[in-house]
Amino acid sequence: MANEPHGGTLKDLIARDAHIYAQLSQEAQSLRDIVLTERQLCDLELILNGGFSPLEGFLTERDYKSVVDTLRLADGTLFPIPITLDVSKEDIGTLNLETGARIVLRDPRDDAALAILTIEDIYQPDKIHEAINVFGADDPAHPSVAYLRNRVKDFYVGGKVQAVQLPTYFDYVALRFTPTELRTHFKKLAWRKVVAFQTRNPMHRAHRELTVRAARELQSNILIHPVVGLTKPGDVDHYTRVRVYEAIMTKYPNGLAHLSLLPLAMRMAGPREAVWHAIIRKNYGVTHFIVGRDHAGPGKNSQGADFYGLYDAQDLVKKYQEELSITMVPFRAMTYVPSLDEYVPEDQVPEGVQTLDLSGSELRKRLQTGASIPDWLSYDPIVRILRESYPPRVKQGFVLFLTGLYNSGKDSIGRALQVVLNQQGGRSVSLLLGETVRAELSSELGFSAEDRHKNIQRIAFVSAELTRSGAAVIAAPIAPYEHSRQAARDSVKALGGSGNNFFLVHVATPLEHCEKTDRKGVYAKARRGEIKGFTGIDDVYEAPSNADITVDITHQTVPEIVHSIMLLLETNGLL
Ligand code: PPS
């Protein structure tokens, strides 16, 4: 039988309000609205589906203060994380927010009306106090403290919500179960004991062994319950992770385990978060919950120390074990013992026996270099999925951004590079010459400072998109301004590859040579004033201060230049 919900009743607001659906959606059309942030959307979904039972809305000031100070709602129910709806002072004015007002909460992705909130109060939180109490320190190295400081608006709106509908998803829909659906599923399969495994990372063999070991000890079934809402910045994206989870499910004995996705916005609040996770799992009908080492840990603080002790989360859950009425299954880190071909909790490894470990950063490095990943660590299909999403450097896209004066030789170098890279193979090669871009993308732009900047940002946008798809991009505009080139570098960097994928090549051929060899007579026209604001003549060219390589066709041949650029790519692991 599924576990009791937290507080005694599952607050499935969708089911509760289904009979007034037509009335609520009609009313929603005439109310003012708040378009939710991504995090508020995750929170609202779990309020609506009962995952946050006994909450029926966003915390009022009384509940908020009580949760922050005592880990309990004002009525004494354990609830360790404040679930709040933040708005700005301007929002309060323009939306006319006041006690008693009804307001629609909308999905930011499709504007769908999800719920109607009746405002009970509007209050100004003490964010520093919240940071210290909930996260342990007002330290912006903690992702949720940074979020609180930079993203959370200054006022909170408290009140209950009525449900219109759950957010619509297009990804992994069949794997998204609400608490009610999961409870029905457990009932159908006659699962009486279920141990849940929370994760925000790809799963490997250690996780499979850990969960099976727990099931064996408890004689239970397993719920793999990964977070697909918001996790720690820099985590593996959820698309990749879910493919990994689907692959690992095939490694469990048939009928032992079930995979369901949790649309939670994590706070990385360590011990408090572990208690919160336990409450959520209880609401999903789970009876046992695995808490491992450094559960929901945010990493290092600004002094380089851990925010929480490695087993603090286990201690706090233990403290509330009785009233949580979900049994914690504490786990030590697992380590591989080759002589047993088995993973064993680190505190149970027999004395003197050889063990093997491979750190997360070593695994990332091996993915990056394409080096082999041992069988004892993972499974082939999982490694394949990760390699697909995180291709090694030799498969990643990059941009060679050639900047220089008109007729500096950058077009000839660009064309030669295209041929050499095509000969090398392995990537599609795109050449974006200044004149091509001007004709195809920027035909309405002129040569004012503003238009030149716009032109470069268009090149940057296209280059970043191509790079993301693994192409080699050679761009060769004049690009006379440092800030435009820097913005282009930033656009490509924002893709977050595993190394540098943007190379600024300064074609520093002196103006005198560019002018002397200008067969088309463009410089001559500029000198005569027939072209105004011509780069190098009566408009500025800011020489790059941070070029990755500087070349000059008065000193080097085109093949020599191409060779030096290819060596730069090789040094960066791209060839
Ligand atoms: S920029 O500054 O990066 O946007 O310039 P770019 O897109 O590379 O364009 C260079 C081509 O435009 C012709 N042209 C000018 N260049 C510089 N300054 C002025 N005022 C100007 N007016 C026209 C220049 O001759 C290059 O032409 P192509 O077609 O490449 O020969």
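Keep in mind it's a predicted model, so treat the numbers as computed, not measured.

Criteria and cut-off values
The residue numbers shown here count from 1 along each chain, following its written sequence. This being a predicted model, a pLDDT of at least 70 is required before a residue's local features are given, and a value of 80 or more before pairs of side-chain atoms are given or counted; all residues contribute to the totals for chains, interfaces and linings. Each side-chain value is derived from all of the structure's non-hydrogen atoms; neither hydrogens nor water enter the calculation. UniProt positions are given in the numbering used here, feature names are shortened, and annotations may be inferred rather than shown by experiment. We count a stretch as a helix when DSSP gives it H or I for four or more residues in a row; a strand needs E for two or more, and each element gets its number in order from the N terminus. Relative accessible area decides the class of each residue, using a 1.4 Å probe on protein chains only: under 20% of the type maximum gives buried, over 50% gives exposed, and in between gives partly exposed. Residues are treated as being in contact if the distance between any of their heavy atoms lies within 4.5 Å. Pairs of N or O atoms are called polar contacts if they sit within 3.5 Å, as long as, within protein, a hydrogen donor faces a hydrogen acceptor (for residues adjacent in sequence, only side-chain-to-side-chain pairs). Summary of the distance rule: residues count as near a molecule or strand when at least one heavy atom falls within 4 Å of that molecule or strand. For every accessible area listed, the method is Shrake-Rupley and the probe measures 1.4 Å; residues are considered covered only by the protein chains on display. The nonpolar class holds Ala, Val, Leu, Ile, Met, Phe, Trp, Tyr, Cys and Pro. Asp, Glu, Lys and Arg form the charged class, and all remaining residues, Gly among them, are polar. When DSSP finds two or more bridges between two strands, those strands count as paired. Only the stretch in contact is used when a helix axis is fitted, and all axes are lines through C-alpha atoms; the angle between N-to-C directions ranges over 0 to 180 degrees. Here a salt bridge means any side-chain nitrogen of Lys or Arg lying within 4 Å of a carboxyl oxygen belonging to Asp or Glu.

Caption draft 1: Up close: the UniProt feature "binding site: sulfate" (unreviewed entry) in the protein. Feature annotation in UniProt places "binding site: sulfate" (unreviewed entry) on Gln198, Arg200 and Ala296, given in this structure's numbering. These annotated residues cover 99 residues of sequence, and their C-alpha atoms lie no more than 9.3 Å from one another, placing them together at a single site. If you trace the backbone, Arg200 turns up in the loop between strand 7 (194-199) and helix 9 (205-218). Judged by its relative accessible area of 15%, Arg200 falls in the buried class. When residues no more than four places from it in sequence are discounted, the contact partners of Arg200 are Thr231, Lys232, Asp235, Arg241, Tyr245, Met266, Met268 and Gly297. Reaching out from Arg200, the side chain makes a polar contact with the side chain of Asp235 at a distance of 2.6 Å. Position of Ala296 among the secondary structure elements: in the loop between strand 10 (288-291) and helix 12 (312-319). Residues in contact with Ala296, not counting those within four places in the same chain, are Met266, Met268, Ala269, Gly270, Glu273 and His277.

Caption draft 2: Geometry of the site of the ligand. With respect to spatial proximity, 19 residues lie near the ligand, and among them Arg438, Arg452, Ile478, Ala479 and Gly533 are the closest. Between the ligand and Ile478 there is a distance of 2.9 Å, counted from an oxygen atom to a backbone nitrogen or oxygen. Interatomic distance of 2.8 Å between a backbone N/O atom of Ala479 and an oxygen atom of the ligand. Considered on its own, the ligand offers 630 Å² of accessible surface; in the complex 86% of this is hidden by protein. At the level of secondary structure, the elements contributing two or more residues to the shell around the ligand comprise helix 17 (434-440) and helix 18 (449-468). Looking at the shell around the ligand residue by residue, the class counts come to ten nonpolar, four polar and five charged.

Caption draft 3: Up close: the sheet that holds strand 15 (residues 429-433). Read across the open sheet, the five strands follow the order 15-16-14-17-18; overall the sheet is parallel. Two strands close off the open sheet at either side, each with one partner strand: strand 15 and strand 18 (549-551). In this sheet, neighbouring strand axes are inclined to one another by 15° on average, regardless of whether the strands run parallel or antiparallel. Pairing of strand 15 with strand 16 (residues 472-476) involves five bridges; the strand directions are parallel. By the bridge assignment, Leu431 is partnered in strand 16 with Ile474. In the packing of helix 16 (residues 410-424) onto the sheet, contacts are made with strand 14 (398-404), strand 15, strand 16, strand 17 (502-507) and strand 18, and the angle to strand 14 comes to roughly 160°.

Caption draft 4: Spatial organisation of the side chain of Arg452. Tracing the backbone through its elements, the reader meets Arg452 in helix 18. By relative accessible area, Arg452 is classed as buried at 4%. The residues touching Arg452, leaving out its near neighbours within four places in the chain, are Arg438, Gly446, Phe447, Pro480, Tyr481, Gly533, Thr535 and Asp539.

Caption draft 5: How the structure looks around the UniProt feature "binding site: ATP" (unreviewed entry) in the protein. Per the UniProt annotation, the sites labelled "binding site: ATP" (unreviewed entry) are Gln198, Thr199, Arg200, Asn201, Gly292, Arg293, Asp294, His295 and Met334. Sequence-distant contacts of Gly292, that is, excluding residues within four places in its chain, are made with Leu310, Gln314 and Phe331. For Asp294, the location among the structural elements is in the loop between strand 10 and helix 12.

Caption draft 6: Examining the environment of Lys160 more closely. Within the secondary structure, Lys160 sits in strand 6 (residues 155-163). Assessed through its relative accessible area of 46%, Lys160 is described here as partly exposed. Separated by 194 residues in the primary sequence, Lys160 and Gln354 have C-alpha atoms spaced 57 Å apart. Those residues within four positions of Lys160 in sequence are excluded, and the remaining contacts are Glu56, Gly57, Ile116, Leu117, Thr118 and Glu120.

Caption draft 7: Inspection of the environment of Ile116 at higher detail. Within the secondary structure layout, Ile116 lies in strand 5 (residues 113-123). On the basis of relative accessibility, which here comes to 0%, the residue Ile116 falls in the buried class. In the structure, Ile116 is positioned 91 residues away from His207 in sequence and 41 Å away in space, judged by C-alpha atoms. With residues up to four places along the chain from it excluded, the contact list for Ile116 reads Leu24, Glu27, Ala28, Leu31, Arg102, Ile103, Lys160, Val161, Gln162 and Val164.

Caption draft 8: Seen up close, the pattern of salt bridges. Following the criterion strictly, the structure yields 31 salt bridges and no others. Between Arg16 and Glu56 there is a salt bridge; the shortest N-O distance is 3.0 Å. With Arg16 in helix 1 (residues 13-17) and Glu56 in the loop between helix 3 (38-49) and strand 2 (57-58), this residue pair connects regions lying 40 residues apart in the sequence.

Caption draft 9: Main features of unusual backbone geometry. Residue Ser53 is joined to Pro54 through a cis peptide bond whose omega torsion reads 15°. By the element assignment, Pro54 lies in the loop between helix 3 and strand 2. The phi angle at Tyr172 is positive, at roughly 50°, despite the residue not being glycine. For Tyr172, the position within the fold is in the loop between strand 6 and helix 8 (179-189).

Caption draft 10: Local environment of the side chain of Gln40. When you line up the elements, Gln40 lands in helix 3. Of the polar contacts made by the side chain of Gln40, one reaches the backbone nitrogen of Thr37; its length is 2.9 Å.

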